[in-house]
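# Notes for the structure review
Read off the chains here:
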Amino acid sequence: MSTYKPKNILITGAAGFIASHVANRLVRNYPDYKIVVLDKLDYCSTLKNLSPETRNSPNFRFVKGDIASADLVNYLLITESIDTIMHFAAQTHVDNSFGNSFEFTKNNIYGTHVLLEACKVTGGIRRFIHVSTDEVYGETDEDAVVGNHEASQLLPTNPYAATKAGAEMLVMAYSRSYGLPAITTRGNNVYGPNQFPEKLIPKCILLAMRGKQLPIHGDGSNVRSYLYCEDVADAFEVILHRGEVGQVYNIGTKKERRVIDVANDICRLFDLDPTKMIRFVEDRPFNDQRYFLEDQKLKNLGWSERTTWEEGLRKTMEWYTSHPDWWGEVAGALLPHPRMLMMPGADRNWTEELQILRPTSSKENSSQTAEPASVSEGKPKFKFLIYGRTGWIGGLLGKLCEKQSIPYEYGAGRLQDRTSLVMDIQRVKPTHVFNAAGVTGRPNVDWCESHKQDTIRTNVVGTLTLADVCRENGLLLMNYATGCIFEYDEDHPLGSGIGFKEEDKPNFHGSYYSKTKAMVEELLKEYENVCTLRVRMPISSDLSNPRNFITKIARYDKVVNIPNSMTVLDELLPISIEMAKRDLRGIYNFTNPGVVSHNEILEMYKKYMDPYFTWKNFTLEEQAKVIVAARSNNEMDASKLKKEFPEMLSIKESIIKYVFEPNKKVQF
């Protein structure tokens, strides 16, 4: 039997119950393995589950984040050179799945899919151990003598089990289609120290400690098999090293117990009268009568259950009586039918939670932790952290930094994930942050009308979170915003040359995109560390880019013909970098002076690019019939920016110099 030896292991969900025991074991037993834990610290997980010895070990790293964040997962697989994944992260409580099944689909199926896709894209994964459940088999017949074996049909009966079965199908597909070296496990119920008290055994122990009755679903006749957590951690250690790629392993026990028997045993441990302390409550919408596994395949690898039920239950009781406040306030979890929304977690103090990871024994480590995100001796004068790697402006910023020899890195975190932003800043140690990320619509702003929550999440929540994190770290945030928050009005009539100034209030509410941008701009005024740059109808010398305003209108069958302020990126993006160096703050109309109409641009296109080019105009009323959201048309006063950079060209001069002259195909 060949033995597999990993180097760098990513364990998802390892601040939770089972995975924390696995992580603690691997860190302790294999100092030459690097263990990276990824956990979003949901209501049923805590860093305390990872022992102090684990947290202080040089071969351990914790990352707070969501497996559904593709950018973060890809970043970790690459930067940590991950060759092995042990995927535990999941929503697991069946009661919750009846009340919030979509959350289970998001975490258990979509989250797994993100991991699998990251494995495919990054390469280098030599083992993917997917942790599933015995519940995917569905209910076992009461009189069955032989348990479900690994080739048994999957017949899940509740939303939780269905999502775990769905995740298994994805793992199988990636294994067969892309050669992912995957192993799947399906385990019985697990109990022991550190388990969140929504589960039967810790719930009953805590209630017994408080002298309260133990709620039992239905008549308590449902049969379950229980394994002690350390035996399960041992099973995963065996599967990691001896498991065969492409196989499924049941982690089970033949020692079954009815739920009512479990409650009786706990009452006896506390010297309580079961007839008085047990109460029967309404059953779940569907409650499988029995799960029974055939586990010989795993035993053939050398694993066996070591802890008796009596010993394991006693150890578990002793742990909870010694750590009664481990989970804090858990009244919601102790209800007969707890729901996730009733759990603690939404108001957790993440700063306090993450302090657990902060080293205190080493002066060197302490000084590193306290180091501010500012320039120090031996470091480059400037270093930029850029958000929006896949966006047009974000990509151009990276190229400009390379051209100017400015060190830079792209952010790995999503804007709405505060902890991942903090981690980016701690990792990169930037002098300035540039935000070119945001939702503009796919393929245009009409998309935002039917995806309002997505638009809010990025354009409002994400931008504000980034601004706040930058403020806490003493960093200037250069935020690329939009000027599409104004439209011509009586005070700024079309053709008057009177443009909207930085202090003017937005008056265009025709698109949801513009509403969110106006909303966040107003809120950002409270942050003195932000420089807001109002970009409009961006243009660049890359006429093959479909986001280029010139490219767009040159491809339209018909265009309106209205003068507008616009931004020539080739000229103005370098200016934004200079603005960062000058520590400029506040709002700037980030457009070239003056206006240019659609027809004027297309006349230039015809002159410089294609003498046979033709186009047709249509009215705003006609345009309204083929778009969902209205479009902003305005002139912006660029005098504030011009005063700072007097060499800046007017819009028409800039378009000719930076766009049409370099691309000219027609010889005059």
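Keep in mind that this is a model prediction, so the values were computed, not measured.

## Some thoughts on the packing of aromatic side chains
Following the criterion strictly, the structure yields 20 aromatic pairs and no others. Ring geometry for Tyr174 and Tyr178: centres 4.9 Å apart, planes at 50°, overall tilted. Taken together, the residues Tyr174 and Tyr178, both in helix α6 (residues 159-178) and 4 residues apart, mark about one turn of the helix. Ring geometry for Trp319 and Trp326: centres 5.1 Å apart, planes at 70°, overall edge-to-face. Given the relative accessible area of 12%, Trp319 is considered buried. Judged by relative accessible area, which is 18%, Trp326 ranks as buried.

## Concerning the nonpolar core
Buried together is how nonpolar side chains tend to be arranged in soluble globular proteins. In terms of nonpolar packing, the biggest core is built from 73 residues, with Ile11, Leu26, Met86, Ile201 and Ile266 touching the most fellow members. Beyond its immediate sequence surroundings of up to four residues, Met86 is in contact with Ile9, Leu10, Ile11, Thr12, Val22, Leu26, Ile129, Phe236 and Leu240. Ranked by size, the runner-up nonpolar core spans 31 residues in total, among them Ile406, Phe434, Val535 and Phe590.

## Things to note about the confidence of the model for the chain
Per-chain confidence: the chain averages 88 in pLDDT, with 90% of residues scoring 70 or above. In this model residues 340-347 is a low-confidence stretch, pLDDT under 50, and it forms 18 contacts with partners more than four residues away in sequence or in other chains. Across residues 360-378, where pLDDT falls below 50, the model places 14 contacts with residues more than four positions away in sequence or in other chains.

## So, helix α3 (residues 70-79)
Given 3.6 residues per turn, any residue in an α-helix points the same way as the ones three and four places further on. Those residues of α3 that sit buried are Leu72, Val73, Tyr75, Leu76 and Leu77. Where the residues of α3 are buried, they touch β1 (8-12), β2 (34-39), β3 (60-64), β4 (84-87), α5 (101-122) and α16 (418-428). Remark: Ser81 follows α3 within two positions and exhibits a positive phi of approximately 50°.

## Things to note about the sheet that holds strand β11 (residues 256-258)
Read across the open sheet, the 3 strands follow the order β7-β9-β11; overall the sheet is mixed. With partners counted over all chains shown, the strands left at the sheet margins are β7 (189-191) and β11, one partner each. Neighbour to neighbour, the strand axes of the sheet diverge by 50° on average, direction disregarded. By the bridge criterion, 3 bridges tie strand β9 (residues 223-228) to β11 in an arrangement that is antiparallel. From the neighbouring strand, Val223 faces β11, where its bridge partner is Arg258. Of the strands in this sheet, β9 and β11 touch helix α9 (residues 259-269), which is tilted by about 85° from β11.

## Brief notes about empty space enclosed by the protein
Inspection of the entire model under this criterion finds 3 cavities of 30 Å³ or more. Put simply, the second largest cavity is a space of about 60 Å³. Lining the second largest cavity, in full, are Asn435, Ala437, Asn459, Thr463, Asn479, Tyr480, Ala481, Lys517, Val520, Glu521, Leu524 and Thr532. When grouped by side-chain class, the residues that make up the lining of the second largest cavity number 5 nonpolar, 5 polar and 2 charged.

## Topic: the pattern of salt bridges
For the coordinates displayed, the defined rule picks out 34 salt bridges. Residue Arg25 pairs with Glu230 through a salt bridge whose shortest N-O separation is 3.2 Å. Linking Arg25 in helix α1 (residues 17-29) with Glu230 in helix α8 (residues 229-242), this pair joins segments that are 205 residues apart in sequence. By relative accessible area, Arg25 is classed as buried at 13%. For Glu230, a relative accessible area of 26% gives the class partly exposed. Notably, a salt bridge pairs Arg126 with Asp83, separated by 3.4 Å at the nearest N-O pair. One end of the pair, Arg126, is in the loop between α5 and β5 (127-133); the other, Asp83, is in the loop between α3 and β4, and 43 residues separate them in sequence. A relative accessible area of 36% means that Arg126 is categorised as partly exposed. A relative accessible area of 6% places Asp83 in the buried class. Within this structure, Arg25, Glu230, Asp234, Glu237 and Arg306 form a network of salt bridges that share partners.

## Side note on the environment of Arg242
Positionally, Arg242 belongs in helix α8. Sequence spacing of Arg242 and Asp570 is 328 residues, and the spatial spacing of their C-alpha atoms is 57 Å. Engagement of the side chain of Arg242 in a polar contact is seen with the backbone oxygen of Leu301, the distance being 2.5 Å.

## Let's talk about the packing of helix α18 (residues 452-472) against helix α19 (residues 512-524)
Interhelical geometry of α18 versus α19 gives an angle of 20° and a closest axis separation of 10 Å. Compared by their axis directions, α18 and α19 come out roughly parallel. Pair α18 / α19 crosses with right-handed handedness. Each of Lys452, Thr455, Ile456, Asn459, Val460, Thr463, Leu464 and Ala467 in α18 lies in contact with α19, whose residues at this interface are Tyr512, Tyr513, Thr516, Lys517, Met519, Val520, Leu523 and Leu524. The residue inventory of the contact of α18 with α19, partitioned by class, reads 10 nonpolar, 4 polar and 2 charged.

## Comments concerning the packing of α1 against α8
It is the contact of α1 with α8, at a shortest axis distance of 9 Å, that shows an interaxial angle of 60°. Classified by the interaxial angle, the pair formed by α1 and α8 is oblique. For the crossing formed where α1 meets α8, the hand is right-handed. Contact residues: α1 offers Phe17, Ile18, His21, Val22, Arg25, Leu26 and Asn29, while α8 offers Cys229, Glu230, Val232, Ala233, Asp234, Phe236, Glu237 and Leu240.

## Considerations on the state of the cysteines
All told, the structure shown has 0 disulfides when counted by the stated rule. Unpaired in this structure, Cys44 has its nearest cysteine sulfur neighbour in Cys229, at a distance of 15 Å. Of all cysteine sulfurs, the one in Cys448 lies closest to Cys484, which takes part in no disulfide; the gap is 12 Å.

## Some points on the sheet that holds strand β10 (residues 248-251)
With respect to topology, 7 strands assemble into an open sheet ordered β3-β2-β1-β4-β5-β6-β10, the strand pairing being parallel. A strand with exactly one partner marks an edge of an open sheet, and here the two such strands are β3 and β10. This sheet shows a mean twist of 20° between the axes of neighbouring strands, independent of strand direction. Where β2 lies against β3, 5 bridges are found, and the strand directions are parallel. Paired with Val36 across the bridge in β3 is Arg61.

## Some words on the side chain of Asn545
Inspection of the secondary structure puts Asn545 in the loop between β17 (530-535) and α20 (549-555). Residue class for Asn545 comes out buried when judged on its relative accessible area of 10%. A polar side-chain atom of Asn545 sits 2.8 Å from the main-chain amide nitrogen of Arg547.

Cut-offs used in this document
Residues numbered from 1 in each chain as written. Predicted model: local features only at pLDDT ≥ 70, side-chain atom pairs only at ≥ 80, totals over all residues. Heavy atoms only, no water. Phe/Tyr/Trp six-rings, centres within 6.5 Å; stacked < 30°, edge-to-face > 60°. Helix = DSSP H or I, 4+ residues; strand = E, 2+ residues; numbered from the N terminus. Buried < 20%, exposed > 50% of the residue type's maximum accessible area, 1.4 Å probe, protein only. Core = buried A, V, L, I, M, F, W, Y, C linked by side-chain atoms within 4.5 Å. Contact = heavy atoms within 4.5 Å. pLDDT = per-residue confidence, 0-100. Pairing = 2+ DSSP bridges. Axes fitted to C-alpha atoms, helices over the stretch in contact; angles between N-to-C directions. 1 Å grid on protein atoms, 1.4 Å probe; cavity = no way out; pocket = protein on both sides within 12 Å on 5 of 7 lines; lining within 4 Å. Points joined across faces, edges and corners; volume = space filled by probe spheres on them. Nonpolar A, V, L, I, M, F, W, Y, C, P; charged D, E, K, R; others polar. Salt bridge = Lys/Arg side-chain N within 4 Å of Asp/Glu carboxyl O. Polar contact = N/O pair within 3.5 Å; in protein donor to acceptor, adjacent residues only side chain to side chain. Parallel < 35°, antiparallel > 145°, perpendicular 65-115°, else oblique. Left-handed = near helix turned anticlockwise from the far one by under 90°. Disulfide = S-S within 2.5 Å.

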